[in-house]
Structures are given as C-alpha cells and as structure tokens.
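What follows is the residue order along each chain.
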Amino acid sequence: MKWTPLLNDDLAGEPTKRALEYIQSKKEQGHPIVGVYCGYAPIELLHAMEITPAVLCAFSKIPIPSAESVLPTNLCPLIKSSYGFILEGTCPFFSLSQAVVGETTCDGKKKMFELAAQVKPMHVMDLPQLANEPEALDNWTLMLRKLQKFLENQFKKTVSEEEIEIMAQKTNRKNHKVRKIFHYAASTPPLVHWQELMDVSFLAQIATPDDIDPLLDQTLSTLERRNKSTFKNRYDESFRVLVTGCPVGGDALKIFNIIEACHGTVVVSDACSGIKPFMGQTQENTSDPYRAIAKKYLDIPCACMTPNTRRLEQISNLIDTFQPRVVIDFILTACHGYNVESYKVGQHVSEHHGLPYLKIESDYYDNDDEQIRTRIEALFEMTDK
C-alpha cells in the first residue's frame, strides 16, 4: 500500500525523531526532562509541573549485545535494548533525561531499574497488580503523591491540586481527539494507516495538550477530507487485522510490515504503543484529582494485572468497533505475562467473537521473518475458505 502521510514534513514516518525534536525544544525552554518506561507513568502530573516526559522503552536490536554483557540472554528484548542504550550512552532520550520514573510492571524491568539508578536519579512506583482489590487505589494514589514529592525535591518545583485538575481535564480532551483519529481506521476501507497513527500518537503521549492540540486538529481535518473524497474507495481488498500483545516499534515493527506483505491491514493495535494509552478518561471535578488520575491508570489492562479481565473487555470493544477479520497476538520473547495470558486471549477471541487467532512469539531480529510470514499467510488462507 502507498499512503500519502498525514504529516507532510521531513519527519513523516519517523515518530521518534519528531519526539526527540520536541523534547529538545522543551529542554531549551527550561523544562526538566524525565524519562518514563511504561504507560502507568502519570503524565498529567508531569505536565502540571511543567516537566516533559521522554519514553525510554527501546525497540532496536543494535544495543542488545552490549546489554547481554550484564543481563541474561534469555531476557525480554525490550529490556535488553533499553539497558544496552544506557550502557553504550547512545540513547538521546536517556541522555536528555535528568531523572527517570519506573513502575513495577515486570521483574526484569525492576532489576534493570536498579542498574539504571547507578547512572540517573531513579524513582520507582510500586504498582498494585491486584487492581480490583479495594486497597489498590489507595496505594496507587499514595504512589502518585510520593512521585510528586520526588519531583519537587529533584527540580524545586511545586504544583497545586487545581493545576493538576486542569491538566487532567485537558488530557481528557486530548485523548478524546486521539481516539477519534484512531477510529478513522474503523471505516471500510480504513482511512488511516498504522504508520500515520504512530506518527501522531507517539508525540501525543509526551506532548502537553496545548502543544499537541493544533496537530490533532490538523490531522482530524485531513482525515475528514479523506472521508469525503475518493480516498475511501482504495484498499478495500485488504485483510483487516487487530494486533494485540506487547508494544511494537522500531525493529519490532516487522510484525506490521509482514502483515502488510501478506496483504493485510492493521486496523488497530491495543498495545501501549497503540491505542491503549488514550483509552482511559480521568473523572473530572472530584474532591481528589490525585485519586481520580490514579483510578484511570489503575484501569490500564496490562498483563501484569491479575485477573486481567479488563484486557478481554477492551479487546471485545475494539473488535466491535474496528471489525477485524483476525486477531494476531504479538509476544516478545521472555515476556511471560503476555505469553501466559495469550491462552485466555485466544479462547476469548474464538469463543466470544468467532475470529481466527494467531500467537506470534519473536524478538527484534529478522531471522524468523519468513517463518512468521508463512504462518500469517496460512492464517489468511484458512480464514478465506
């Protein structure tokens, strides 16, 4: 498929470069930069304190050999890639970060944070993983307040509850616009390409609502013009695919590229590199904005949560909205949470929606590309019969 990029600039198709330019500009304006590793980092709190987040999860195979001089080889490639960049000093996002915020989403990351703390100031938030227990929200709200104290001490900044409430409301409006952009892929045929969604959503994760708002409005206007034009008559032969599982970016984008090579179209990804960061809404005008924000983040259906019924509910909602013909579950090697959970996901997709399901377990290298392609081709052929 050939798409005309939504963002007609030199950085179309390069979301990390656009994000890097944004972060560098914010640092030049005097804003502190804080690295984050997961979708549970409370971005509203950072923005309310005029702190710019930088996403540090890495998707490149290049620094993995360096990481394996310290980390075990049978560890998740995302962790090895992220730490390899730290060891080599070659990650511009980590270099720009003046402090780092981590969350206890997996054992590998927790131990990697201990090593990264030797390089940068590190604050780790203890994420409750029995999210349905009544004390979980109390504990996570406390973690937000402790993070604020860390940031206040680190950067000599303060923030009021009113400022946090205002930022939560602005973030709600931003997330609503991003979801509208994603939903243009729900049309038949889809009006937006997954690469275009990554161009917009990667920056939308870190930019303030005020900064990103003009870009979101421009994108929505472009998509509405597409909707009214002959553009919608193209690509209607493509095989609609929902991709679930681990985050995808950089070298892991091979799964999206292989799907396209097999004449498929990724209509939505529910990973934290896809629509997931924009799904939640913070309850507004409550007596405690910290607790309201904590509730939104605690509802994120990561595989670290147990029982993770919210993930199945979200997949059902996405299937109803985006109407995929198949579901592909992309699991990074040694990501045990998502790997074990794949059994329940496959059952749910088959029994509740009657859709073919395929689990792909891989890493950032390309030595299994042909094997993956063969399996996806077989899935499509079986579905067409």
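Anyway, here's the lowdown on the structure attached to this text. (Residues numbered from 1 in each chain as written. Predicted model: local features only at pLDDT ≥ 70, side-chain atom pairs only at ≥ 80, totals over all residues. Heavy atoms only, no water.)

The final tally for this structure, using the stated rule, is 5 aromatic pairs. Ring geometry for Y37 against F113: centres 5.2 Å apart, planes inclined by 45°, an arrangement best described as tilted. Of this pair, Y37 sits in the loop between β1 (33–36) and α2 (43–48) while F113 is found in helix α6 (residues 107–116), placing the two residues 76 residues apart along the sequence. Like Y37, the residue F113 is buried in the burial classification. Each ring, one from W194 and one from F256, has its centre 5.0 Å from the other, and the planes form 65°; the classification is edge-to-face. Here F256 lies in helix α11 (residues 254–261) and W194 lies in helix α9 (residues 194–206), a separation of 62 residues in the sequence. (Phe/Tyr/Trp six-rings, centres within 6.5 Å; stacked < 30°, edge-to-face > 60°. Helix = DSSP H or I, 4+ residues; strand = E, 2+ residues; numbered from the N terminus. Buried < 20%, exposed > 50% of the residue type's maximum accessible area, 1.4 Å probe, protein only.)

Further remarks concern unusual backbone geometry. Excluding glycine, residues mostly carry a negative phi; peptide bonds, for their part, are mostly trans. Here the bond from T188 into P189 is cis, since omega is -5°, no more than 30 degrees from zero. Checked against the element boundaries, P189 lands in the loop between α8 (161–183) and α9. Omega for the bond connecting T306 with P307 falls within 30 degrees of zero, at -10°, which places this linkage in the cis form. Secondary-structure assignment places P307 in the loop between α12 (289–298) and α13 (309–322). A positive phi angle, close to 60°, is found at E50, a residue other than glycine. Taking relative accessible area as the criterion, E50 reaches 46% and is therefore assigned partly exposed.

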